[in-house]
Amino acid sequence: MNAIVALCHFCELHGPRTLFCTEVLHAPLPQGAGSGDSPGQGEQAEEEEGGIQMSSRVRAHSPAEGASAESSSPGPKKSDMCEGCRSLAAGHPGYISHDKETSIKYVSHQHPNHPQLFSIVRQACVRSLSCEVCPGREGPIFFGDEQHGFVFSHTFFIKDSLARGFQRWYSIIAIMMDRIYLINSWPFLLGKIRGIIDELQGKALKVFEAEQFGCPQRAQRMNTAFTPFLHQRNGNAARSLTSLTSDDNLWACLHTSFAWLLKACGSRLTEKLLEGAPTEDTLVQMEKLADLEEESESWDNSEAEEEEKAPALSESTEGRELTKCLTDSSLLSDCGSWQPRKLSVFKSLRHMRQVLGVPSFRMLAWHVLMGNQVIWKSRDVDLVQSAFEVLRTMLPVGCVRIIPYSSQYEEAYRCNFLGLSPHVQIPAHVLSSEFAVVVEVHTAVRSPLHAVGCEDDQSLSKYEFTVTSGSPVAADRVGPTILNKIEAALTNQNLSVDVVDQCLVCLKEEWMNKVKVLFKFTKVDSRPKEDTQKLLSVLGASEEDNVKLLKFWMTGLSKTYKSHLMSTVRSPVASESRN
């Protein structure tokens, strides 16, 4: 993350001052290219101090080393600094951490070496400890602009028995030029910086209580109430943070904390290039994930309340409840919660078409696209689940409702993909219905004829597949347009499996766009049937199968899209434009 994290202090003598800052240095040119250094020069004279790797290059460019460095440094002069304004001692090289994975260095010192960075940090420091503060002068706040950067600032107090009001004012600031990234990182930065502040305040509080116990300052100040304040605080006006916390390794610890904060904050958010608006499948998956998170949170909360209120259950009751819970979860699984097995018996749609045969596959695919219930009966659970994994690729995510394997028949409104064990009885009205298709898997004797087309998958040679339906699809039936295009892609052997998958994505997106137009035309605008027929002709979907497909796929539209359309219809601007 391209940012700077700094610790600032409001000195009673010199005002706001930067005490310690950590910045990110990206890898320079490859070794030996344009730098003139010998191959080992950048790595020589390295030592470890408190677990932090110290490099000789930092020493050579440290502004705290010698009078020449002091004159060239953009920081304040030594005469303008007191103990409370100074963090690292004169001659201290600073701290540096190397991230070997990304070739990034995290460098810490009192002030940035670059004059422009020094000006940005200085201005953010002054604003964080003067005008940009929360009510009560303690807490987080956001400010900044595009010219001087955007700042996350968290002000806090540190106990000091010798300070006015027995406390001193500090702030930790994070500065970066990307406003959106910084705002999105607010919860993360607030939690981690709050932890650093709590640790500092805890250490200072122990020192404060020890000093007050040994020599109470409040009574002493009451006895010298008429002494001028400047004379009273002479010699005690400035105390370093290491003295207030009694921690000699404070700056090394802050360096590791700031370096980790920069690395972790940069790793938690990643940029992803989106070409155009997100697809309906993406929106539906995000909505299902959000619903699952809310359900898990409510479930955890209800369990916590039950544990507090209800008495302890007996072991037998717990066993029955656990069995019931597992059974219900297996019956109610859908495409959002069901995770397919790693073992893939059916490798692709093309593979399934070769195994089942062209007529049987066409019948099965027709029922899948129309939204009819697809029932697989087999003893092999992995076979059934791999079949569902392959078939679901033909449908939008919002149209898929799967019960992977059940010991009883489930109605069509609960699932359109149902896996059953062979002994389960299917109701007669389902077997004779035109809205269901049944694939029965039987164990067959091995034969050379059966193995044709599946030589590379010997696990299927022991099975025999029978596809039946109450309304079989006629061989000469045109069928939905998308089914014909899918079969054409599967038949073309010049197209690899990956290319066929991308064709499926494009076809689904094409027909989902038609679904969106039809939804807005019929459900939102409430147009008459005559206009709807004209629209279907324009969309190239006036055939009966295409109309059924569009109506079924309409159930897979995301809630985000539907709510967006409804909100635009209710808006005054939209109503005026229609009028």
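Residues numbered from 1 in each chain as written. Predicted model: local features only at pLDDT ≥ 70, side-chain atom pairs only at ≥ 80, totals over all residues. Heavy atoms only, no water.

As recorded by an unreviewed UniProt entry, the protein carries the name Folliculin and is attributed to Octodon degus.

Notes on the nonpolar core
Membership of the largest hydrophobic core comes to 62 residues, with the highest contact counts inside it found for Phe346, Met352, Trp376, Leu391, Phe465 and Trp553. Core analysis: the second largest hydrophobic core is formed by 40 residues, Phe156, Leu182, Leu189 and Leu200 among them. (Core = buried A, V, L, I, M, F, W, Y, C linked by side-chain atoms within 4.5 Å. Buried < 20%, exposed > 50% of the residue type's maximum accessible area, 1.4 Å probe, protein only.)

Re the packing of aromatic side chains
What characterises a pair of aromatic rings is the spacing of the ring centres plus the angle enclosed by the ring planes. Tallied over the entire structure, the rule returns 15 aromatic pairs. An aromatic cluster is present here, built from Phe20, Tyr95, Trp251 and Phe258 joined pairwise through their rings. Its guanidinium or amino end placed over the ring of tryptophan 169, arginine 137 lies 3.9 Å from that ring's centre, counting from NZ or CZ. Over the ring of tyrosine 561 we find lysine 516; its NZ or CZ atom is 5.2 Å from the centre of that ring. (Phe/Tyr/Trp six-rings, centres within 6.5 Å; stacked < 30°, edge-to-face > 60°. Lys NZ or Arg CZ within 6 Å of the ring centre and 35° of its normal.)

Regarding the packing of helix H13 (residues 358-370) against helix H19 (residues 544-553)
Interhelical geometry of H13 versus H19 gives an angle of 50 degrees and a closest axis separation of 8 Å. By the angle between their directions, the pair H13 and H19 is classed as oblique. Contact residues: Trp366, Val368, Leu369 and Met370 in H13; Asp545, Lys548, Leu549, Phe552 and Trp553 in H19. Residues that form the contact of H13 with H19 fall into these classes: seven nonpolar, no polar and two charged. (Axes fitted to C-alpha atoms, helices over the stretch in contact; angles between N-to-C directions. Helix = DSSP H or I, 4+ residues; strand = E, 2+ residues; numbered from the N terminus. Parallel < 35°, antiparallel > 145°, perpendicular 65-115°, else oblique. Contact = heavy atoms within 4.5 Å. Nonpolar A, V, L, I, M, F, W, Y, C, P; charged D, E, K, R; others polar.)

Concerning the pattern of salt bridges
Once the charged atoms of two side chains with opposite charge are near each other, the side chains can pair. This model, assessed by the stated rule, comprises 16 salt bridges. Between lysine 203 and glutamate 199 there is a salt bridge; the shortest N-O distance is 3.8 Å. Taken as a pair, lysine 203 and glutamate 199 lie in helix H5 (residues 186-214) at a separation of four residues, close to a single helical turn. Judged by relative accessible area, lysine 203 falls into the partly exposed class, the value being 23%. Its salt-bridge partner being glutamate 280, residue lysine 516 comes within 3.3 Å of it at the nearest N-O pair. Of this pair, lysine 516 sits in helix H17 (residues 497-524) while glutamate 280 is found in helix H10 (residues 280-309), placing the two residues 236 residues apart along the sequence. There is no split in this pair, since lysine 516 and glutamate 280 are both buried. What you see here is one network of salt bridges that share partners, running through Asp160, Arg168, Glu211 and Arg239. (Salt bridge = Lys/Arg side-chain N within 4 Å of Asp/Glu carboxyl O.)

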